[in-house]
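# Structural overview for review
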Amino acid sequence: MTSCDAGCVLPANSFLPFCVDNLNKESLTLYVQMIKSKVDEEDYWHSSKFKAFTFDDEDDELSRLKESRQAVNNIRRLVEEDDDEDDVERVSWSGEPVGSISWSVKETAASSQRADREPAFPKISTDTPSISRSQSGYSLSSLFKGKPKVGNFQTFSDALTDSSVRLYAPELRKPKSEYKDYVSDWSPEETVQRLQQGKAVSLERFRTLQDKLLLLDHAIAAHDGNVITAVLIYLKRTLCKEVLFRELESRQTALRHFIHYLSETQNQRLLLELHRALGRAEDAALLQYKEHLSITDENKRRDFLKNCLSLPFSAEDLAHVQDHYTLLERQIIIEVTDRQAERGGKVEIFQKFPRKALILNMPLITTLYYCCFYHYAESEGTFSSPLNIRQTFKISEKQYFVTALAARAKLKAWLDVDALFASRNWLGFTRKKSPLSFQRVVDILQKNSAPTHVLQDYVALVDDGELRLTLAQKHKCHDIVISTYRDMKDRQLLLGYRGKVVRGSAEERKIDDLLSNPQIRWKN
Amino acid sequence: MMRLRRSHLICCAASKEKMAAHLSYGRVNLNILREAARKELREFLDKCAGSKAIVWDEYLTGPFGLIAQYSLLKEHEVEKMFTLKNGRLPPADVKNIIFFVRPRLELMDIIADNITSEDRHHSSRDFHILFVPRRSMLCEQRLKEQGVLASFINIDEYILDLIPYDGDLLSMEYESAFRECYLENDQTSLYHTAKGLMTLQALYGTIPQIYGKGECARLVANMMLRMKREFAGSQNQILPVFDTLLLLDRNVDLLTPLATQLTYEGLIDEIYGISNGYVKLPPEKFAQKKQGEGSKDLPTEPKKLQLNSAEELYAEIRDKNFNAVGAALSKKAKIISAAFEERHNAKTVGEIKQFVSQLPHMQAARSSLANHTSIAELIKDITSAYIIQCFPIKSHYVNTYIEDCIAQKDPLIKILRLVCMQSVCNNGLKHKVMDYYKREILQTYGYEHILTLNNLEKAGLLKPQTGSRNNYPTIRKTLKLWMEDANEQNPNDISYVYSGYSPLSIRLTQILARPGWRSIEEVLKMLPGPHFEERQQLPSGLHKKRQQGENRTTLVFFLGGVTYAEIAALRFLSQVEDSGMEYVIATTKLINGTTWIKSLMDRPESPTQ
């Protein structure tokens, strides 16, 4: 790549609503337009020949879907009588074909609740000869595993006379090793094979360390996790830890299986010892940290996290775990205080907007949002002050800004919203600044049903002219639309827009004034 | 002993169960595999003489549904079926209780609970366990610890390694295969893969040529060759159906599943998730309003639809780029409308009869069209917020975009897909960028995701940049992965499935067929793991005498998962007129970016969005 580091990705859709819910078609159009203007103005794509996937040809594609929808509906009217029978097989509403296994599980279970004694389905007479159905054709078990162990002991010569076996899969007849079924002195290799076939075999005859390791190596070579685990369970029982750990170190596959076995059986203590013995301190630390997920009591969880701080994490992870602990500690304090405030009934905001969920164990940004909502004006000294949280956890400017904006907009505290932008403005009242694109700001505000006069201020600040116009039209910021058309000297568009504003309103008068203004040189 | 010839058997089966007919339409008749699996199921059921109740691990009812219906079980005296859950088993007057379960410890605990709560004086029922797909020492040990192992008369396994999903598609539905192979270094799934391939060869003949790329591919090939040696002395006399097997590691192409699939089927899977051939959809668009009924009680339960090539219209549109689906649907709508109009032309009794006989077929087509129009409308409403594409973009734009997505709390999995994509394309992320992302992710989504981020690093999806050269641009250019002007309507290249990005995995497959991997030695060396070729000897007399112009068949096995878009790309290659190659696809798991990343997370988020 030349000027660009092979970035990957996609359209920058910075136009999404804050809470991603169903985008409607309008915002889809907006989105497409934004991409186009980005391509033009900012050389957004490395090469403009690459098309971003959009739901292309918006109108065309849509009308095509409409065509088929229309056809479907027309025909339905035509055949309505038969509508219920149109499917060849019977399908229940949930789509399960009647008679499928998952459908029947529900059915038979339900029927057994209805009538305990009565079998749900007619019992099939046990006299029915069942020979023919099981003996015809071929089966995987007879081909692949040899005959299953239950039932008669089929000899190898039987298998040879079995013509279907010869016909379909001679290659998979029993391996030779299976003749020796009665001999008990299995070699490590044979033992592994028997284990793979699920046959009884005793591992006790592998007594010396050397024998045991040979067995393990054969198990590893077979790549069958089940067998490796079986051998490991035996070794764990018969070897001392130090020897076992030492030998596992040079056998990575077996080691992984052993770790998996220990964590499945929740043998945390041995697992930690193992990690330490192998010098995998960081793995051990993470593993221990993971346990906090199973602690439900918040105080116990906090104490557990505190203990984790002494574990040998990488420097980077340690910082995160430290933050995790600090956050939970704080959430516990905030929760206690706020619960009291809520119960006391004296703090207005808790009465007006009762809390819907506990703040415990929520992510940091959610906590920040909560504090911006309930504790916005607090001085920096308190634990619940947004500024304090921002400082303690080094939250980025943008994150802080988005979160505060969303929280204050939700409360319709437009003055606070305004102040957020003003505080960035150290050159006096010249211009509002935002670390966030203004179309995102507008979007967030609109999601929180900001009134037009508020929206208007921010729509006006959108840089991209085309986008600004689209937004203004969408949010009915008439002044912006009107003055944009005036600047474009587009009489036709302005005339057209006159039909969209309320009769006799100030906007209509404004348009009329412009249209009759002789000083404007209209281009059309 | 009476034995049916194979063709006869398949024919009976096909007529008896409509559901599976589509499996035999493809180049390779996959119904043979399904029949073999059914046969084994019957044999197991007959081993437990007398009346039975099956207790299901609910997860298994999906895959089993592709093999058998309740009628088959009923024929073998299965009278009741329950879902596995804690507590006492529901009453059922049967001789046998059979647990159908995956080998998982938590399920063993539930079984143990069932058995200990059983009323011993009253009941004399026999217990059995059928492990799917394999028995597990660990599980048996757990049952022993719980003191119930001795209660079982019969512990067996049902090897359901490769399940036929469609006429050209097999999956093991082994969810954790990628995680086990690349994170936990557990190769059990590879062992199952090798066994599954041996079964396949037993039914369809020895595959003479094996190619592979990647560590796991090498291991699977080794195991296959070894298993073959263990059966030495006897020869498979079936004329080989497959000419070539290609084994591909998922980690050779980590990028592809991260992008959003843009085929019709791919988008359905991305947005709603296809599971065992079914998809659950929001019901509103499917409600059938009858005249005069108004819009009273709309259903609230999701609408479940089966998706496979048995449905003519779906087979036609599933692999198209979504932007070509509208046109295809409206074309179909015209044809169907015209067919219904024919009724006006039917004058004679004969003509009317003719029309009426067509009616069921036409109505099926109508209902199929209605369903897919609704699905297409649903997908359109979801819009572009969902879509992650893979294109060259200046990295600071990428950084800003990801930052914005985090700020607006897009689903975590989307963020992870983006961040991993950037990392894979650039041979890692700059330290500063990586630290920044990590911090933002942990602050916004919760600190416990330290574990997930660590997993992604171990799997190679996320890594800090080291001094080494970034090979990706070379790979991309040599393999022509980014195609300008992808034609979505009438594709001329596989890149249409991602609207301009060609999956590396499929490009490798394509080049192997022609002109061969020798032409891209350099690139192959840049990709992780060895590449290799093996030959398996065929007995004399089984060498195919190829007819002029006859296509070859390749089985492509994706170790660690494959996406629907990749499958679509392979189907596209099968259809290209002069390619001379047809593909059958097998995989450990059908995946999309979301399910894949989820399998690597240590605390998966609740399935939002």
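Just so you know, these numbers come straight off a predicted model, no measurement behind them. (Residues numbered from 1 in each chain as written. Chains lettered and ligands numbered in written order. Predicted model: local features only at pLDDT ≥ 70, side-chain atom pairs only at ≥ 80, totals over all residues. Heavy atoms only, no water.)

### With respect to the overall build of chain A
A count of helical and extended segments in chain A gives 27 helices and 0 strands. Of all 524 residues assigned to chain A, the portion counted as buried reaches 49%. Once local pairs closer than 6 in sequence are excluded, the contacts in chain A between residues at least 24 apart make up 50%. Total accessible area computed for chain A in this model is approximately 26,800 Å², and 51% of it derives from carbon and sulfur atoms. (Helix = DSSP H or I, 4+ residues; strand = E, 2+ residues; numbered from the N terminus. Buried < 20%, exposed > 50% of the residue type's maximum accessible area, 1.4 Å probe, protein only. Contact = heavy atoms within 4.5 Å. Areas by Shrake-Rupley, 256 points an atom, 1.4 Å probe, with all protein chains shown as cover.)

### Quick notes on the overall build of chain B
Across its full length, chain B holds 22 helices and 15 strands. At 26 Å, chain B has a C-alpha radius of gyration in line with the 25 Å of a compact globule built from 609 residues. Seen through its principal axes, chain B has C-alpha atoms that stretch 75 × 70 × 65 Å. Counting all 609 residues of chain B, 64% fall into the buried class. Once local pairs closer than 6 in sequence are excluded, the contacts in chain B between residues at least 24 apart make up 78%. Per element, the accessible surface of chain B, about 22,500 Å² overall, is 51% carbon and sulfur. A distance of 3 Å separates the average location of the 77 positive side-chain charges in chain B from that of its 72 negative side-chain charges. (Rg over C-alpha atoms; globule rule 2.2 N^0.38 Å. Lys, Arg positive; Asp, Glu negative; His and termini not counted. Charge placed at Lys NZ, Arg CZ, Asp CG, Glu CD.)

### Details of the packing of aromatic side chains
Under the definition given, this model contains 28 aromatic pairs over all chains. Relative to F421(A), the ring of F401(A) has its centre 5.1 Å away and its plane inclined at 80°; by these criteria the two rings are edge-to-face. A residue pair is termed long-range when its members are at least 10 positions apart, and F401(A) in helix α20 (residues 397–410) and F421(A) in helix α21 (residues 414–422) qualify at 20 residues. For the residue pair F401(A) and F421(A), the accessibility class agrees, reading buried in each case. When the ring of F421(A) is compared with that of F438(A), the centres are 5.9 Å apart and the planes differ by 25°; the resulting orientation is stacked. Placement of the pair is F421(A) in helix α21 and F438(A) in helix α22 (residues 438–447), with a sequence separation of 17 residues. An identical accessibility class is assigned to F421(A) and F438(A); each is buried. Site record: aromatic cluster; members linked through ring pairs are F350(A), F353(A), Y369(A), Y370(A), F373(A) and Y374(A). The side chain of R205(A) reaches across the aromatic face of F206(A), ending 4.6 Å from its centre. For R218(B), the ring lying beneath its charged end belongs to F532(B), and the centroid distance is 4.1 Å. (Phe/Tyr/Trp six-rings, centres within 6.5 Å; stacked < 30°, edge-to-face > 60°. Lys NZ or Arg CZ within 6 Å of the ring centre and 35° of its normal.)

### Here we look at unusual backbone geometry
All names here are of chain B. The residue after V132, namely P133, is reached through a cis peptide bond having omega 0°. Omega for the bond connecting R514 with P515 falls within 30 degrees of zero, at 5°, which places this linkage in the cis form. Inspection of the secondary structure puts P515 in the loop between α19 (504–513) and α20 (521–526). For E77, which is not a glycine, the phi torsion comes out positive at approximately 65°. Relative to the elements of secondary structure, E77 occurs in the loop between α4 (70–75) and β2 (78–83). In this structure, N276 takes a positive phi of about 50° despite not being glycine. With respect to the helices, strands and loops of the structure, N276 is situated in the loop between β10 (274–275) and β11 (278–281).

### Some thoughts on the pattern of salt bridges
Applying the stated criterion to the full structure yields 56 salt bridges over all chains. Linking R237(A) and E204(A) is a salt bridge whose minimum nitrogen-to-oxygen distance equals 3.2 Å. Placement of R237(A) in helix α10 (residues 225–238) and of E204(A) in the loop between α8 (188–196) and α9 (209–222) is noted, with a sequence separation of 33 residues between them. According to the relative accessible area criterion, E204(A) is partly exposed, its value standing at 42%. Close ionic contact of R142(B) with D109(B) constitutes a salt bridge, the shortest N to O distance being 2.8 Å. Residue R142(B) is located in helix α6 (residues 137–145), and its partner D109(B) is located in helix α5 (residues 105–116); the two are separated by 33 residues in the primary sequence. Through salt bridges with shared partners, a single ionic network connects D166(B), D168(B), E265(B), R318(B), D319(B) and R571(B). (Salt bridge = Lys/Arg side-chain N within 4 Å of Asp/Glu carboxyl O.)

### Points about the sheet that holds strand β8 (residues 209–213) of chain B
Residues and elements named next belong to chain B. Strand order in the open sheet formed by 7 strands is β6-β7-β15-β14-β9-β8-β13, with mixed pairing between adjacent strands. Whereas interior strands pair on both sides, the edge strands pair on one side only; in this sheet they are β6 (163–166) and β13 (531–535). With strand direction ignored, the average angle separating the axes of adjacent strands in the sheet is 20°. The pairing of β8 with β13 spans 5 bridges and is classified as antiparallel. Across the sheet, G212 pairs through a bridge with F532, a residue of β13. Strands in contact with helix α8 (residues 188–204) are β7 (169–171), β9 (244–249) and β14 (552–559); relative to β14, the strand with the most contacts, it is inclined by about 160°. Against the sheet, helix α21 (residues 564–575) engages β7, β14 and β15 (581–587), with an angle of about 160° to β15. (Pairing = 2+ DSSP bridges. Axes fitted to C-alpha atoms, helices over the stretch in contact; angles between N-to-C directions.)

### Considerations on the domain arrangement of chain B
All names here are of chain B. In terms of domain boundaries, chain B breaks down into domain 1 (7–160), domain 2 (164–258 + 489–596) and domain 3 (264–286 + 301–386). Placing a centre on the C-alpha atoms of domain 1 and another on those of domain 3 gives a separation of 35 Å. In this assembly, 5 residues from domain 1 lie in contact with 5 residues from domain 3. Linking domain 1 to domain 3 there are 0 salt bridges. Inspection of the domain 1/domain 3 interface yields 0 residue pairs in polar contact (both at pLDDT 80 or more). For the side of domain 1 that touches domain 3, a count of residues per class yields 3 nonpolar, 2 polar and no charged. (Domains from an automatic or database assignment. Polar contact = N/O pair within 3.5 Å; in protein donor to acceptor, adjacent residues only side chain to side chain. Nonpolar A, V, L, I, M, F, W, Y, C, P; charged D, E, K, R; others polar.)

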